[in-house]
Amino acid sequence: MERPGRLLQLSELRVRNTAYEVSLSRSLLTWKKRVSSSVYHTFKPSLCHSVAVSEIISVREEEENSSKDDGSWRKIRERQERDCRRAFTVSYVERGRNHRWRCAEVSFICPDASLCQRWVHSILEQLAALSCRPKHLLVYINPHGGKKQGNRIYEQKVAPLFAQAGVTTQVIVTEYANHARDHLRTDAELKQFDGVVCVGGDGMFSEILHGLIWRMQLDSAVNPNSPEEALQPCSLRIGIIPAGSTDCICFATVGTNDPVTSALHIIVGDSQPMDVCSVHHNDSFLKYSVSLLGYGFFGDVLSDSERKRWMGPARYDLSGLKMFLTHHYYEGTVSYLPAKGIMGTPRDSGRCRSGCVVCEYNGEAFTQKGEKYKLDESFDTESDDEWRTVRGKFLAINAASMSCACPRTPKGLSPAAHLADGTTDLILVRKCSRFDFLRHLIRHTSKDDQFDLAFVEVHRVSRFRFVPRQCQSDSDLNLPEAHKRQIFGPLCRDHPACGCSPHYSSWNCDGEVLNHTAIDVRVHCQLIKLFARGIEEMTVLEEVTSPCAI
Ligand SMILES: Nc1ncnc2c1ncn2[C@@H]1O[C@H](COP(=O)(O)OP(=O)(O)OP(=O)(O)O)[C@@H](O)[C@H]1O
């Protein structure tokens, strides 16, 4: 943590009726209880508090509340004394359990009005110098996401915090699916905003992601349809206020699904870079993905659960069980480009956390590679002989661009995957017995290594392709069309007893079904940034919140 350096203010102020020595430096606001007895240790935690200036939400000057006045001379004298004093209140981030943040307040009573004004002015000056903080935001609310509480959550929990922090907004309540995406692609006056906020679930985040990336490419004359193009990173950060039934991206980047915590991360101007995979079929763009691309088991679970939407979240358990019992495998060819010159492997014991060194190192390595490529187009970023090919029968092919940890799979599909290292973890689960597949699935929830099985392989890659067996080349294979032609495919899917496998599964792309099975996926290192900081380790928390960590 940054050392406090030169003090900007140092005064004896009161908090309620207790005297405190209060100091302000460029990085810390500290208040220490004045102790007369040497019996007390000056660093006793309960006597000393400090808050990082970067985590102060606001400061306001206010008069002390006057108590009931009975008109007596004593009271009048007391009131006169009080009137020439002033108080100021500082609102700041307070950390709770499970990565939750709250807005706490402390009021300091000054001996005179001019001192109070000096304090308020100094704190405001420090806050104004924090250039990472957003001032004007574009907010999209999905009123139909999750339990349809988007509007209420925003109005009651988020808007008051934005107002308190002096963040202004333009709010758009979406009227139809893809409203936010289309508005961002063409109409939104992005130059006037410092960020885009979505109030909703993962589907709503996906709309913002697609709208913003697409707009950025068009504005920079980059062809988003070509899988060979290096995409232009987005200049605006994205904030997620969780209000959906699945809020996995928020959980993975903040550590909790709590609207107040997310609002506070936005206000303090946090920044978490994130990789994005572009998914193409031949030379046409299909989708962007930031978490999971799953073919086979996870593709089938999603397709099946979509037909059971009426069941609510229980549909995932039922479809999961059904797909486990049907035990379909799919033939095809996976080609991949192993990520080179990077730090980290999918089998590491370390996890991607706030301030991750792996993301930082690899992010720089990819940027340098990109720069070299721009300067000298003959510079080879990927040559054909580096591609590896695996042919076979697979129960599941998963590409995890983040750990994909959620309450259902606490470790995630790839526990050591990183948010922003320019790679995705390609997990190939070959055809095996039901019992073995169950062992693999169960290991996602236990301490055992889910990759330490003979039929599972995992590779950290920067690009991969998949072609299903029936598809002779990367030629068109449109799923709805293919299913029409395959009369028995869909039937067998619903009749596990017949024992035959359908030819094709479908890709689950961050919770949406893709129309094509033959795909070409490229990871774009740190293409977007979120108003988040990754999941904080306890040691970081202790350092930030520890009293007098100076
Ligand atoms: N006004 C609207 N009317 C209908 N659909 C909308 C509207 N605004 C956004 N959507 C769509 O609703 C879908 C689900 O939204 P969201 O992710 O916010 O909620 P969710 O409950 O988590 O969804 P899911 O259960 O599908 O994950 C998104 O794909 C989005 O495109």
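Attention in this report is confined to the structure presented alongside it. (Residues numbered from 1 in each chain as written. Predicted model: local features only at pLDDT ≥ 70, side-chain atom pairs only at ≥ 80, totals over all residues. Heavy atoms only, no water.)

A few words now on the site of the ligand. Looking at the ligand, there are 20 residues lining it, with Gly146, Thr174, Gly201, Glu207 and Ser245 nearest. Tyr176 places a polar main-chain atom, nitrogen or oxygen, 3.3 Å from a nitrogen atom of the ligand. In this structure, Ser245 approaches the ligand through a side-chain N or O atom, which is 2.6 Å from an oxygen atom. Protein contacts shield 78% of the accessible area of the ligand, which totals 630 Å² for the unbound molecule. Broken down by element, the shell around the ligand gets its largest block of residues, 4 residues, from helix α5 (residues 202-219). (Near = heavy atom within 4 Å. Polar contact = N/O pair within 3.5 Å; in protein donor to acceptor, adjacent residues only side chain to side chain. Areas by Shrake-Rupley, 256 points an atom, 1.4 Å probe, with all protein chains shown as cover. Helix = DSSP H or I, 4+ residues; strand = E, 2+ residues; numbered from the N terminus.)

Turning our attention to the pairing of strand β15 (residues 330-338). Within a regular strand, side chains alternate between the sheet's two faces. Taking burial as the measure, the 9 residues of β15 include 7 buried ones, the bulk of the element. Bridge count between β15 and strand β16 (residues 388-400): 7 bridges; the pairing is antiparallel. Each residue of the ladder has a partner; that of Ser335, found in β16, is Thr389. The pairing of β15 with strand β18 (residues 456-468) spans 7 bridges and is antiparallel. Pairing of Gly332 across the sheet is with Pro468, part of β18. (Buried < 20%, exposed > 50% of the residue type's maximum accessible area, 1.4 Å probe, protein only. Pairing = 2+ DSSP bridges.)

Attention now moves to α5. Over its 18 residues, α5 runs 26 Å from end to end, which matches the ideal 26 Å to within 8%, given 1.5 Å per residue. With 15 of 18 residues buried, α5 lies mostly within the body of the structure. One or two positions beyond α5, positive phi appears at Ala221, with a value near 55 degrees. (Expected span 1.5 Å × (residues − 1).)

For the rest of this paragraph, the subject is the packing of helix α3 (residues 150-164) against helix α7 (residues 259-267). The N-to-C vectors of α3 and α7 enclose an angle of 30 degrees; their axes lie 10 Å apart at closest approach. Considered as vectors, α3 and α7 are oriented roughly parallel to each other. For the pair α3 and α7, the sense of crossing is right-handed. Contacts from Ile153, Lys157, Val158, Leu161 and Phe162 in α3 reach Pro259, Val260, Ala263, Leu264, Ile266 and Ile267 in α7. Looking at the contact of α3 with α7 residue by residue, the class counts come to 10 nonpolar, no polar and 1 charged. (Axes fitted to C-alpha atoms, helices over the stretch in contact; angles between N-to-C directions. Parallel < 35°, antiparallel > 145°, perpendicular 65-115°, else oblique. Left-handed = near helix turned anticlockwise from the far one by under 90°. Contact = heavy atoms within 4.5 Å. Nonpolar A, V, L, I, M, F, W, Y, C, P; charged D, E, K, R; others polar.)

Evaluated as defined, the whole model comprises 26 salt bridges. As a salt-bridge pair, Asp421 and Arg460 come within 3.9 Å of each other at their nearest N and O atoms. Residue Asp421 is found in the loop between β16 and β17 (424-430), and its partner Arg460 is found in strand β18; the two are separated by 39 residues along the sequence. Neither residue differs from the other here; Asp421 and Arg460 are each classed as buried. Here Arg460 ties to Asp425 by a salt bridge, and the two come within 2.7 Å at their closest N and O atoms. (Salt bridge = Lys/Arg side-chain N within 4 Å of Asp/Glu carboxyl O.)

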